[in-house]
Amino acid sequence: MSIKLNNGIEIPQIGFGCWKVEKSICAQQIYEAIKAGYRLFDGAMDYGNEKEIGDGIQLAIKDGLVKREELFIVSKLWNNYHDPKSVKLAINKVLSDLKLDYLDIFYIHFPIAFKFVPFEEKYPPGFYCGDGDKFIYEDVSLAQTWAALENLVEEGLVKSIGISNFSGALIQDLLRTCKIKPALLQIEHHPYLVQEKLIEYTKSQGINIVAYSSFGPQSFVELDHPAAQDSITLFKHETVTKIASNHSVSPAKVLLRWSTQRGLLIIPKSNQKERLLANLKINDFDLTQEELDAISSLDKGLRFNDPWNWNKIPTFI
Ligand SMILES: NC(=O)c1ccc[n+]([C@@H]2O[C@H](COP(=O)([O-])OP(=O)(O)OC[C@H]3O[C@@H](n4cnc5c(N)ncnc54)[C@H](OP(=O)(O)O)[C@@H]3O)[C@@H](O)[C@H]2O)c1
């Protein structure tokens, strides 16, 4: 199943998430994912594995599994490169690491601009801004960064541009000045964070939405995130397990199907080959409206990924 973006480009509804895919298995995992049928790969400068993603892609192309133009390769501009001059350096670095001459989608990863850190000093810099554990902000607006991304489209280096972790108010502001509308918004989305109003507004503006961390706390437990440690895993939540048993499917499949039936794209990540295959085949059954509503009613506005903290590095990073 594919989704048509507001620029006419069609992309698969299900992709493969590359955050925390270990470098040692990353190239092989990308290769296996391509073999299993994945065509959309969600990476980012910050994930630190773009060279390995590039290796996996090159191997799959060399072995004749796929052609470059059949793939949808995604990256995200990290916070330290928001200055228009740095945007150009960033795309060159991403394309060189991935060994590609264009990207399919390039997002602004977070609406937060940090001071530039040279690649030789630290890459990826994460939350390092060149001075211990202090955040140093860059005086650059999101409109300026967005205009620099628009230039990349004009230069043919990127096919579509998107935003990630933007609130409704920030999207509204960006739409006032942009020449190219964002094709996609990527957000944290799971039954503990349903984001009803943001989804409704964003869709009303013709922007498609990609859900990340669809399994809620699961991805953050391994980071020792305090709120994830305290939450009931969605895989064992009785609302989810009951619906899973109604359909004789796994709780993971229910969680992913809930997102796709809400019209969202999904990008589950797995380091395990069987799960990678299972996560691609989730659209072969339907939840009832009552079941969809029961899952949505678990919402408690619980956000695991919120690095915005004006002067203190979040403890879970
Ligand atoms: N834009 C952003 O700021 C942002 C932030 C976070 C994530 N993302 C993107 O979204 C992608 C997905 O989000 P995520 O990585 O946070 O989490 P996720 O896909 O919700 O969850 C991954 C976790 O679930 C496990 N898992 C995967 N499939 C499973 C299955 N079928 N059954 C049981 N457990 C399963 C994985 O373990 P195993 O690996 O052991 O299978 C891993 O612990 C990321 O990889 C990244 O590309 C974007």
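Quick caveat, the model's predicted, so the values are computed rather than measured.

Asks: Hey, could you run me through the overall build of the protein in this one?
Replies: What the protein contains, in helices and strands, is 12 helices and 10 strands. A globule of 317 residues ought to have a C-alpha radius of gyration of about 20 Å, and the protein, at 19 Å, matches this closely. In terms of overall dimensions, the protein has a C-alpha envelope of 55 × 45 × 35 Å along the principal axes. Within the protein, buried positions represent 54% of all 317 residues. Partitioning the intrachain contacts of the protein with sequence separation of at least 6 by distance along the chain shows that 75% fall at a separation of at least 24. Of the accessible surface of the protein, which amounts to about 13900 Å², a share of 51% is contributed by carbon and sulfur atoms. Positive and negative charge centroids in the protein, built from 35 and 40 side chains respectively, lie 2 Å apart.

Asks: I'm lost on the UniProt feature "binding site: substrate" (unreviewed entry) in the protein in this one. Help?
Replies: UniProt marks His109 with the feature "binding site: substrate" (unreviewed entry), using the numbering shown here. Summarising the element assignment, histidine 109 is placed in the loop between strand S6 (103–108) and helix H4 (142–154). Judged by relative accessible area, histidine 109 falls into the buried class, the value being 5%. Other than its neighbours up to four places away in sequence, histidine 109 contacts Ala44, Asp46, Tyr47, Lys76, Leu77, Trp78, Ser164 and Asn165.

Asks: Honestly, the packing of aromatic side chains in this entry has me stumped. Any pointers?
Replies: Aromatic ring pairs are reported here in terms of the distance separating the ring centres and the angle at which the planes meet. The tally for this structure, following the rule as stated, stands at 16 aromatic pairs. Arranged with centres 6.1 Å apart and planes meeting at 65°, the rings of phenylalanine 16 and phenylalanine 41 form a pair that is edge-to-face. A residue pair is termed long-range when its members are at least 10 positions apart, and phenylalanine 16 in strand S3 (residues 16–17) and phenylalanine 41 in strand S4 (residues 40–42) qualify at 25 residues. On the accessibility criterion, phenylalanine 16 (1% relative accessible area) is buried. The exposure class of phenylalanine 41 is buried, given its relative accessible area of 1%.

Asks: Whenever I open this one, the pattern of salt bridges confuses me. Can you help?
Replies: Under the counting rule described, the total for this entry stands at 13 salt bridges. Among the salt bridges present, the one from arginine 68 reaches aspartate 104, with a minimum N-O distance of 2.9 Å. Here the residue arginine 68 occupies a position in the loop between helix H2 (50–62) and strand S5 (72–77), and aspartate 104 occupies one in strand S6, the gap between them amounting to 36 residues. The class of arginine 68 is buried, set by a relative accessible area of 12%. For aspartate 104, a relative accessible area of 8% gives the class buried.

Asks: Can you help me understand the site of the ligand in this one?
Replies: Asp42, Ser219, Lys269, Ser270 and Asn271 are the nearest of the 29 residues found near the ligand. A distance of 3.2 Å is found between an oxygen atom of the ligand and a side-chain nitrogen or oxygen belonging to histidine 109. Here an oxygen atom of the ligand and a side-chain polar atom of asparagine 165 are 2.9 Å apart. When the free accessible area of the ligand is taken as 900 Å², the share hidden by the protein chains comes to 93%. Residue assignment for the shell around the ligand shows that the elements contributing at least two residues are helix H7 (218–221) and helix H11 (273–280). Residue composition of the shell around the ligand, grouped by class: 10 nonpolar, 14 polar and 5 charged.

Cut-off values and rules
Residue numbers run consecutively from 1 along every chain, following the written order of its sequence. Residues qualify for local features only when their pLDDT is at least 70, as the model is predicted, and side-chain atom pairs are given and counted only at 80 or more; totals for whole chains, interfaces and linings, by contrast, use all residues. To obtain the side-chain values, all non-hydrogen atoms of the structure were included, while hydrogens and water were left out. Helical segments are the DSSP runs of H or I of at least four residues, strand segments are the runs of E of at least two, and each set is numbered from the N terminus. As defined in this context, the radius of gyration uses C-alpha atoms, and a globule is described by 2.2 Å times the residue total to the power 0.38. When accessible area is computed with a 1.4 Å probe and restricted to protein chains, residues below 20% of their type maximum are described as buried, those above 50% as exposed, and intermediate ones as partly exposed. Throughout, a contact is declared for two residues whenever any of their heavy atoms are within 4.5 Å. Here the accessible surface of atoms and residues is derived via Shrake-Rupley with a 1.4 Å probe, and residues count as covered only by protein chains that are part of the display. For the purpose of charge, His is not counted, nor are the chain termini; Lys and Arg are scored as positive and Asp and Glu as negative. Charged side chains are reduced to one point each, which is NZ for Lys, CZ for Arg, CG for Asp and CD for Glu. UniProt positions are given in the numbering used here, feature names are shortened, and annotations may be inferred rather than shown by experiment. Centre distance within 6.5 Å is the pairing criterion for rings of Phe, Tyr and Trp, where only the six-membered ring of Trp is used; planes under 30 degrees apart are then read as stacked, over 60 as edge-to-face, and the remainder as tilted. A carboxyl oxygen of Asp or Glu within 4 Å of a side-chain nitrogen of Lys or Arg is what we treat as a salt bridge. Nearness is judged by heavy atoms alone; a residue qualifies as near a molecule or strand once a single heavy atom is within 4 Å of it. In protein, a polar contact requires one atom able to donate a hydrogen and another able to accept it; more generally it is a pair of N or O atoms within 3.5 Å, and residues adjacent in sequence count only if both atoms are side-chain atoms. Ten residue types, Ala, Val, Leu, Ile, Met, Phe, Trp, Tyr, Cys and Pro, are classed as nonpolar, four, Asp, Glu, Lys and Arg, as charged, and the remainder, Gly among them, as polar.

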